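# Working through the structure, step by step
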Amino acid sequence: MARDPTVRRIASTLGGGQYRVRADHDLGGGGRMSLAVHGLDDDTLNISSFPMRYDGGRITPLPGFDPRRGSFLGPELTRLRFAALGDRPLGRNNRNRMVTPSLAWTQPVAGGVLTLRTHYRASRTERYALSSSGGAIPAAQAIADALPRLTAAFPATTQIALRHASDGSAFVPLPGNDRVIVLNPVAADTRLNEAIVDLSYAHALEAAGHHDLTLGLYAVGYRWDFRRAVARALLEARDQGRRLDLVALDGSGRVLGRATDEGLLSTGSTYEAVQGHQQMIALYAADEWQLSPRWRLDWGLRHERAALSATVERPMVMDGGDPTTLADDRIAVGSGLSDARAKRIARTAATLAVHWRASDRLGAFARATRAMRLPDPGVFRIGGSDQPRALTIEQAELGLIWRHGTTGLDATLFASRFPDIALPDLSLDPATGAVRVGAYQAAARTIGLEVGAGAAPLPGLSLRATVTWQDPRLQSYRVASLTDGAVTVMDLSGRIPRRVPRIMASLSASAALPGTGVTLDGDLSAMGRRYADDANSLALPGFALVNMGARFDATEALTLRLRATNLFDRIAIMQGDALGGEVRAGDNGGVVTVRAQQGRVVSLSADWRF
């Protein structure tokens, strides 16, 4: 099924669909079994960052590019040839194919309930994207930057021309926008075969109070195959910008050579391939212990052990052999040689909470948690000699709960600490343009307060509001760089982590109109100022988005839904430059690279149950 993607202007049409089938069967003795299959063959939109103006803390659109609906995926980027992966439908964005059968079985056993859940997934994703590669620069600067390389390769060069790659016509700037931009077209193939088994037994018992005890075993095994190729393209910095060639000319205007090849600075700046495996097993236990009518103690333990392994192919660099262009002088492809990596790791997580019910209306709780997240084979993409590490999260909460009829109020003080995080850093090699995947070791903490309130003042009407304030800070975070042969260390300790707001708020309402089968709903979400980078050099403005919807239960089998997101068509900037701009953002003459939410989208859907 073909469809218009609606949220962005792209040259290609997306298409596909998915299905779900489920069958339930009651077993003897109160048991139940469910079998389900989820199939998917669908396309999804993947939008890159884009340039916007930055002046005095205000971020505004660059002429020729609408951040709410625009994209770079025009007719000249519908397809692209990658040196390592061949010709690919870049403009199609992501193609996702998946089949997932699952089984759920419950059976009363010895006064408790035994539950088995199994899941198998076989999926293949072809992901196509345009990642940023620095900011948009004036065309004159692009020509000046290319002049030394073209003069060295073609000594008779007297001038550089900037031309459209498709027809050779001259680049023409827009009013207020004479900029061009280098983007990284990306093609990535991912195959995943995953099996999950979760076996648990829940039992209630009396021993110094009432216990709801759960014991379980969880196991995962999967294989992950990943290949990625990255090219570099020079485009007009505008909506569906055309490819551009940097052409070296002699004094008579004769073409001597080019820095590009059909608008590509490289058909293969980066190549990587990883084949990873992981086997993980976890044992867990949890208990809700009602000590008395007013006191309850909750606890949980989970111990995980994982074995990770990967075969990482070494890339090699080759010369394409075309003497008329510099674009094929350094092309990264697979070498057929691989390195083996492996790691075994184990960690234990625990949580403990105390609940006190002071009265029928008032309660309080305190909770302490030490959680963890084990790495997956994708960590071996980073390379180097550092061993993969688990992420540790330490959390503490103190909360107050008040209820009276249909009105309620919650307030929670929280503190979190991340003692050993690896902050991802994607950057470009300044000499080759290759994408470098790395990470900086650091720590972080946050303290904050979340307050929520809900009410149902009338039948069919419900209201909910939440406000969160926090003070997140980086710790032990130092970045070393080489400047003019000398090592410079930038200490970012005490800064606010990238993309993390200090204040967030939401408000939602739902109203069922009596006797009509119609329910109206709306919500407002707001986010305060954040920073695009860890250095806190680029502030992203706060925003508030309003969504509205309506549901009509036409019959017992048919439900119609109408939904409008970003109703007032606001520009909501979510992040900065994900490639090279997350440690310290760049500012090219008042133009920055950011990513924004799509503009207003109105959708109509129908659910038919049979």
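Position labels on residues start from 1 in each chain and follow its written sequence. Totals for whole chains, interfaces and linings use every residue, but because this is a predicted model, local features are given only for residues with pLDDT of at least 70 and side-chain atom pairs only at 80 or more, for both listing and counting. Where side-chain values are given, they derive from all heavy atoms of the structure, hydrogens and water being excluded.

Here the focus is the overall build of the chain. Strands are runs of DSSP state E lasting at least two residues, helices are runs of H or I lasting at least four, and both sets are numbered from the N terminus onward. The number of helices and strands found in the chain is one helix and 34 strands. The quantity called the radius of gyration is restricted to C-alpha atoms. Its globule counterpart is 2.2 Å times the number of residues to the power 0.38. Against the compact-globule benchmark of 25 Å for 610 residues, the chain has a radius of gyration of 28 Å, which places it among compact chains. Projected onto its principal axes, the C-alpha coordinates of the chain cover approximately 95 × 55 × 50 Å. Across the chain, every contact between residues at least 6 apart in sequence was considered, and the portion connecting residues at least 24 apart equals 68%. Areas reported as accessible are Shrake-Rupley estimates using a 1.4 Å probe. Residue values count occlusion only from the protein chains shown. Within the structure as shown, the chain displays about 30200 Å² of accessible surface, and the carbon and sulfur contribution to it stands at 58%. If you average the places of the 71 positive and of the 61 negative side-chain charges in the chain, the two averages end up 2 Å apart. Contacts were defined at the residue level, with two residues in contact if any of their heavy atoms lie within 4.5 Å. The charge count includes Lys and Arg as positive and Asp and Glu as negative, but it does not include His or the ends of the chains. We put the charge of a Lys on NZ, of an Arg on CZ, of an Asp on CG and of a Glu on CD.

This part is about the packing of aromatic side chains. Pairing of aromatic side chains requires ring centres within 6.5 Å, counting the rings of Phe and Tyr and the six-membered ring of Trp. Pairs whose planes differ by under 30 degrees are stacked, by over 60 edge-to-face, and all others tilted. If you walk through the whole model with that rule in mind, you get five aromatic pairs. Seen in terms of ring centroids, W224 and F226 are 5.3 Å apart; in terms of plane orientation they differ by 15°. Their pairing is stacked. In this structure W224 comes out as buried when scored by relative accessible area, which is 16%. Remark: exposure states derive from per-residue accessible area (1.4 Å probe, protein chains only) relative to the maximum for the residue type, with buried under 20%, exposed over 50%, and partly exposed in between. Overall, the relative accessible area of 9% leaves F226 in the buried class. Chaining the aromatic ring pairs together yields one cluster made of F50, F65 and F72. A ring is scored as having a charge over it whenever the NZ atom of a lysine or the CZ atom of an arginine sits within 6 Å of its centre and within 35 degrees of its normal. Its guanidinium or amino end placed over the ring of Y218, R302 lies 5.1 Å from that ring's centre, counting from NZ or CZ.

Looking now at the sheet that holds strand 11 (residues 159-164). Strand pairing requires that DSSP identify at least two bridges connecting the strands. Judged by pairing direction, the sheet is antiparallel, and its three strands sit side by side in the order 11-14-15 without closing on themselves. The open sheet has two edge strands, strand 11 and strand 15 (255-258), and neither has a second partner. Between one strand and the next, the sheet's axes are offset by a mean angle of 35°, whatever the strand orientation. As a rule, the C-alpha atoms of each element are fitted with a line to give its axis, helices using only the stretch in contact, and angles between N-to-C directions run from 0 to 180 degrees.

With that settled, the discussion passes to the side chain of T369. Looking at where T369 falls in the secondary structure, it is placed in strand 19 (residues 362-373). Taking relative accessible area as the criterion, T369 reaches 18% and is therefore assigned buried. N or O atoms within 3.5 Å of each other form a polar contact, as long as, within protein, one can give a hydrogen and the other can take it, and as long as residues adjacent in sequence are counted only when both atoms are side-chain atoms. There is a polar contact of 2.9 Å between the side chain of T369 and the side chain of T351.

Relative to strand 23 (residues 461-475), strand 22 (residues 435-458) is paired through 14 bridges, and the arrangement is antiparallel. Across the sheet, G454 pairs through a bridge with R464, a residue of strand 23. Connecting the antiparallel pair strand 22 and strand 23 is a turn made up of two residues, with G460 showing a positive phi of about 85°. As paired elements, strand 23 and strand 26 (residues 503-513) share nine bridges and run antiparallel to each other. Pairing of V467 across the sheet is with A505, part of strand 26.

We now examine the confidence of the model for the chain. Per residue, pLDDT measures the predictor's confidence, with a range of 0 to 100. When pLDDT is averaged along the chain, the result is 91; 96% of the residues meet or exceed 70. Scored below 50 in pLDDT, residues 1-5 makes 16 contacts in the model with residues more than four places away or belonging to other chains.

Tracing the sequence through the fold places A188 in strand 12 (residues 179-206). When its relative accessible area of 4% is taken as the criterion, A188 is described as buried. Those residues in contact with A188 that sit more than four places away from it in its chain are T125, E126, R127, F226, R227 and R228.

Another point: the pattern of salt bridges. Salt bridges are defined by distance alone: a side-chain nitrogen of Lys or Arg within 4 Å of a carboxyl oxygen of Asp or Glu. Across all of its chains, the model carries 40 salt bridges by this definition. In this structure, D534 engages R498 in a salt bridge whose closest nitrogen and oxygen atoms are separated by 2.6 Å. Taken together, the positions of D534 in the loop between strand 28 (530-531) and strand 29 (539-540) and R498 in the loop between strand 25 (486-491) and strand 26 put the pair 36 residues apart, joining distant regions of the chain. As far as the burial class goes, D534 and R498 line up, both buried. Among the salt bridges present, the one from D521 reaches R563, with a minimum N-O distance of 2.8 Å. Taken together, the residues span a long stretch of sequence, with D521 in strand 27 (residues 518-527) and R563 in strand 31 (residues 558-565) at a distance of 42 residues. D521 gets classed as partly exposed once you look at its relative accessible area, which sits at 29%. Beyond isolated ion pairs, a larger network of salt bridges with shared partners links R22, D24, D26 and R32.

Moving on: the nonpolar core. Counting residues in hydrophobic clusters, the biggest one holds 36 residues, and the most contacted among them are F72, F82 and L90. Among the elements of the structure, strand 4 (50-55), strand 6 (80-82), strand 9 (112-132), strand 12, strand 13 (210-236) and strand 33 (591-596) are those that each provide at least two residues to this core. Buried residues of nine kinds, namely Ala, Val, Leu, Ile, Met, Phe, Trp, Tyr and Cys, make up a nonpolar core once their side-chain atoms join them within 4.5 Å.

On the surface, L362, L398, L400, W402, L409, L413, I447, L449, V451, V467, W469 and I503 cluster together to form a nonpolar patch covering roughly 990 Å² of accessible area. Listed by contribution, the elements that provide at least two residues to the nonpolar patch are strand 20 (391-404), strand 21 (407-428), strand 22 and strand 23. With respect to the helices and strands, the residue L413 is situated in strand 21. The exposure class assigned to L413 is partly exposed, which follows from its relative accessible area of 47%. Each patch is built from residues that are more than 30% exposed by relative accessible area and take part in no salt bridge. Like charges join if they lie within 9 Å; nonpolar side chains (Val, Leu, Ile, Met, Phe, Trp, Tyr) join within 5 Å.

Taken together, the four strands give an open sheet; going across it, the order is 5-4-33-32, and neighbouring strands pair in antiparallel fashion. The sheet is open, and its two borders are formed by strand 5 (58-61) and strand 32 (573-575), each paired with just one other strand. Strand-to-strand twist of the sheet, defined as the mean angle between neighbouring strand axes without regard to direction, takes the value 60°. Of the pairings in the sheet, the one linking strand 4 to strand 33 comprises four bridges and is antiparallel in character. The residue bridging M52 from the neighbouring strand is V592, located in strand 33.

Turning our attention to the side chain of Q278. In this structure, Q278 sits in strand 16 (residues 264-290). Given a relative accessible area of 9%, Q278 falls into the buried group.

The periodicity of an α-helix, 3.6 residues per turn, causes residues three or four places apart in sequence to face the same way. The first and last C-alpha atoms of helix 1 (residues 139-153) sit 21 Å apart over 15 residues, in line with the 21 Å expected at 1.5 Å per residue. Most pronounced at L147, the bend in helix 1 amounts to some 40°, and the proline P148 follows within four residues. Those residues of helix 1 lying buried are A139, A142, A146 and L150. Against the buried residues of helix 1 lie strand 10 (137-138), strand 11, strand 12, strand 14 (244-249) and strand 15. One less than the residue count of a helix, multiplied by 1.5 Å, gives the span that helix is expected to have. To get the bend at any residue, fit one axis to the seven residues that end at it and another to the seven that begin at it, then take the angle between the two axes.

Turning our eyes to something else, we now look at the pairing of strand 27. Direction of pairing for strand 26 relative to strand 27: antiparallel, over a ladder of ten bridges. Its bridge partner lying in strand 27, A509 is registered against G522. Once strand 26 ends, the chain turns through four residues before running back antiparallel as strand 27, passing G515 with a positive phi of about 75°. Both strand 27 and strand 30 (residues 543-553) contribute to a ladder of ten bridges, which runs antiparallel.

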